[in-house]
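Here are the chains, one letter per residue:
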Amino acid sequence: MNVASRPNDIQAVIEADRAHVWHHLSQHKQYEATDPRIYVEGKGTRVWDATGKEYLDAVAGAVWTVNVGYGRTTIADAVREQLIKLNYFAGAAGNIPAALFAEKLIEKMPGMTRVYYSNSGSEANEKVFKMVRQIAHRKHNGGKYKILYRDRDYHGTTLGTLAAAGQKERREQYGPMPEGFVEVPHCLEYRSQWGDVEDYGLRAANAIEDVILREGPETIGLLCLEPVTAGGGVIVPPKGYWERVQEICLKYDVLLHIDEVVCGMGRTGKWFGYQHYGIEPDFVTMAKGVASGYAAISCTVTTEKVFEMFKDDPSDPLSYFRDISTFGGCTSGPAAALENMRIIVDEGLLENTLKMGERLMNNLRELQSRHQVIGDVRGLGLFCGAELVMDRETKEPAPEKMVQAVTADCLAQGVIIGATNRSVPGLNNTLCLSPPLIINAAEIDQVTGAIDKALTKVFG
């Protein structure tokens, strides 16, 4: 068994953290009585905390990021070599790894041609929104400026992307929100808004058309969707949904934006989640798994048709995309992304994702057969969820505190899993699993074995 090394003055590190670090998504009152958890080392699918305790990470760095696993020396070496050669130059000019990764990426995305670099998923999505607004002014006399987003989807933490958040708790106390963002219904058949209907996927997609007609097609510029809803409950769109969505966008001249920040770079068993459905987006954004967390990088990818809209009149000083991302000029991101992509290809991680994803889903269904609290199991590739309910007939959601008790018990067992939280009021009841794509069968069984024990302890 691997054992993590520990610095001799780890208590000093813990105290420095307690005194000075403001953690993400954390209520810090708890740290007055307990130590903040500090992770000090990772290898493969495992991480170790400051006490030396080992954990199997089933959420790839807590937020679906470390796709190729921890401790990849070849990525670290590629980044180091590039940093010594050239660490940074603003994105108004090019650099070698950015050009080479863009070429490799576009090879995986037929129909797409251009890559715009920035440093986070929120920023990548914000770029799309700005492009759409600029297109509205340049091509539609200020019309077609509205951006449609889906209930339960999430696109980032900036004010612009929060305005497109279908998770109401994420938006609380951060308003007023920017104008021009309009919600369309979710597509979770397990919690159908229209009762027991045939062709739920078609019905959910047609609801988008209803919104377009209500708002006026001449006002709608973009439809922004996750291929699989992530933090809103791991929602895989039902049969027929995506095909109808594509038809609607073409019918009303609405640009289609697929947010692959979570699903991109192999998480679903294909390079990108949208590629399961045969659709042709106008924009695709990505971040987390692009470099597996070894460097900060995000990409806004678009078509030549969109790109050409920003260079049609060189004499117009407002014609080009007047945007910059400071850290989009870092060379470490594309250098890491190139090696990350090589690993995915050479180690057959897309194939492993499909194989291990099937095992994970089968294990979850077996747990569902023994635990009445599991109301629904859903997922695609190594991106799976189990929705917990108090009653299968009424589908009453399990209380968020009890769901969090399940994740806490798994953590005590040495397995890190996730759960929807601070997202959808009253419906933060889905366990979330997204392990590194290198996970093996024994580790899949360890994850679901921990969930089995935790469900028994918390729910009986």
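Residues numbered from 1 in each chain as written. Predicted model: local features only at pLDDT ≥ 70, side-chain atom pairs only at ≥ 80, totals over all residues. Heavy atoms only, no water.

This is how it is decided: UniProt positions are given in the numbering used here, feature names are shortened, and annotations may be inferred rather than shown by experiment.
An unreviewed UniProt entry lists the protein under the name Aminotransferase class III-fold pyridoxal phosphate-dependent enzyme, from Aliirhizobium smilacinae. The Sequence similarities (unreviewed entry) field of the UniProt record for the protein holds the comment "Belongs to the class-III pyridoxal-phosphate-dependent aminotransferase family."

1. Some thoughts on the overall build of the protein
Operational definition: Here a strand is any run of E in DSSP of at least two residues, a helix any run of H or I of at least four, and the numbering for each starts at the N terminus. With C-alpha atoms as the basis for the radius of gyration, the globule rule is written as 2.2 Å multiplied by the number of residues raised to the power 0.38. Only protein chains enter the calculation, and the probe is 1.4 Å; a residue is then buried if its accessible area is under 20% of its type maximum, exposed if over 50%, and partly exposed in between. Accessible areas in this description were obtained via Shrake-Rupley with a 1.4 Å probe; residue shielding takes into account the shown protein chains only. Charge counting treats Lys and Arg as positive and Asp and Glu as negative, with His and both chain ends excluded. Taken as the charge location is NZ of Lys, CZ of Arg, CG of Asp or CD of Glu.
Broken down by element type, the protein carries 14 helices and 16 strands. For 460 residues, the compact-globule estimate of 2.2 N^0.38 gives 23 Å, and the protein sits close to it at 22 Å. Along the first, second and third principal axes, the C-alpha atoms of the protein reach 65 × 60 × 45 Å. Within the protein, the proportion of its 460 residues that are buried is 55%. Surface exposure of the protein reaches about 20500 Å², of which carbon and sulfur atoms provide 53%. If the 49 positive side-chain charges of the protein are averaged to one point and the 59 negative ones to another, these points end up 1 Å apart.

2. Some details on empty space enclosed by the protein
Here is the rule we go by: Computed over the protein atoms alone on a 1 Å grid, cavities are sets of points where a 1.4 Å probe fits but cannot get out and pockets are open sets with protein on both sides within 12 Å along at least five of seven lines; a residue lines them when it has an atom within 4 Å of a point. Grid points are joined across faces, edges and corners, and a volume is the space filled by probe spheres set on the points. In the scheme used here, Gly and all other residues not listed as nonpolar or charged are polar, with Ala, Val, Leu, Ile, Met, Phe, Trp, Tyr, Cys and Pro taken as nonpolar and Asp, Glu, Lys and Arg as charged.
The tally for this structure, following the rule as stated, stands at 1 cavity of 30 Å³ or more. Looking at the largest cavity, its volume works out to about 30 Å³. Lining the largest cavity are Tyr117, Ser118, Ala296, Ile297, Phe327, Gly328, Cys330, Gly333 and Pro334. Of all the elements in the fold, those that place two or more residues in the lining of the largest cavity are strand S4 (114-118) and helix H11 (332-346). The class makeup of the residues in the lining of the largest cavity is 6 nonpolar, 3 polar and no charged.

3. What to know about the domain arrangement of the protein
Heads up, the condition is: Domain boundaries shown here were taken from an automatic or database domain assignment. Any pair of residues with heavy atoms lying within 4.5 Å of one another is described as a contacting pair. Each of two parts loses accessible area, computed with a 1.4 Å probe, when they are put together; buried area is these two losses added. The term salt bridge refers to a side-chain nitrogen of Lys or Arg lying within 4 Å of a carboxyl oxygen of Asp or Glu. Between N or O atoms, a polar contact is any pair within 3.5 Å; within protein, one atom must be a potential hydrogen donor and the other a potential acceptor, and residues adjacent in sequence are included only when both atoms are from side chains.
Each domain of the protein was delimited in the assignment, giving domain 1 (12-71 + 349-459) and domain 2 (73-346). Centre-to-centre, using C-alpha coordinates, domain 1 lies 26 Å away from domain 2. Of the residues lining the interface, 43 residues belong to domain 1; the matching set on domain 2 comes to 39 residues. Surface buried jointly by domain 1 and domain 2 totals about 3400 Å² across both partners, of which 59% is contributed by carbon and sulfur atoms. If you sort the residues of domain 1 by the area they bury against domain 2, Leu350, Leu380 and Phe383 come out on top, with a joint share of 21%. Run the count over domain 1 and domain 2 and you get 1 salt bridge. Our count for the domain 1 to domain 2 interface comes out at 22 residue pairs in polar contact (both at pLDDT 80 or more). The class makeup of the residues in the side of domain 1 that touches domain 2 is 22 nonpolar, 16 polar and 5 charged.

4. Regarding the layout of surface pockets
In this structure, the second largest pocket occupies an estimated 800 Å³ of space. For the second largest pocket, the lining is made up of 30 residues, of which Gly91, Val115, Tyr116, Tyr117 and Phe307 are closest to its centre. Counting residues per element, the ones that place at least two in the lining of the second largest pocket are helix H4 (96-107), S4, strand S10 (298-302) and helix H10 (304-308). A per-element tally of the lining of the second largest pocket places H4 first, with 5 residues. Here the residues of the lining of the second largest pocket sort into 18 nonpolar, 9 polar and 3 charged.

5. Section: the nonpolar core
For clarity, the threshold we go by: To qualify as a nonpolar core, a set must consist of buried Ala, Val, Leu, Ile, Met, Phe, Trp, Tyr and Cys residues joined through side-chain atoms within 4.5 Å.
In terms of nonpolar packing, the biggest core is built from 98 residues, with Leu105, Val245 and Ile417 touching the most fellow members. The greatest single-element share of this core, amounting to 7 residues, is contributed by helix H12 (residues 349-370). Of the domains in this structure, domain 1 (12-71 + 349-459) and domain 2 (73-346) are the two that each give at least three residues to this core. Once residues lying within four places of it in the same chain are set aside, the contact partners of Leu105 are Val115, Met265, Phe272, Met286, Cys299, Val301 and Met341. Counting 21 residues, the second largest nonpolar core, distinct from the first, contains Val132, Ala164, Cys224 and Met309.

6. A closer look at the sheet that holds S4
Our working rule: The pairing criterion for strands is at least two bridges between them, as found by DSSP. Every axis corresponds to a line fitted to the C-alpha atoms, with the helix fit spanning only the stretch in contact, and the corresponding angles, defined between N-to-C directions, vary from 0 to 180 degrees.
Pairing in this open sheet of 7 strands is mixed, and the strands run S4-S10-S9-S8-S7-S5-S6 from one edge to the other. Each edge of the open sheet carries a strand with a single partner, namely S4 and strand S6 (181-184). Each strand of the sheet is rotated relative to its neighbour by a mean of 20°, with strand direction disregarded. Note: strand S8 (residues 255-259) against strand S9 (residues 283-286), 3 bridges, orientation parallel. Note on S9: the bridge partner recorded for Ile258 is Val284. Running over the sheet, helix H8 (residues 200-215) touches strand S5 (146-150), S6 and strand S7 (220-225) and is turned about 145° from S6.

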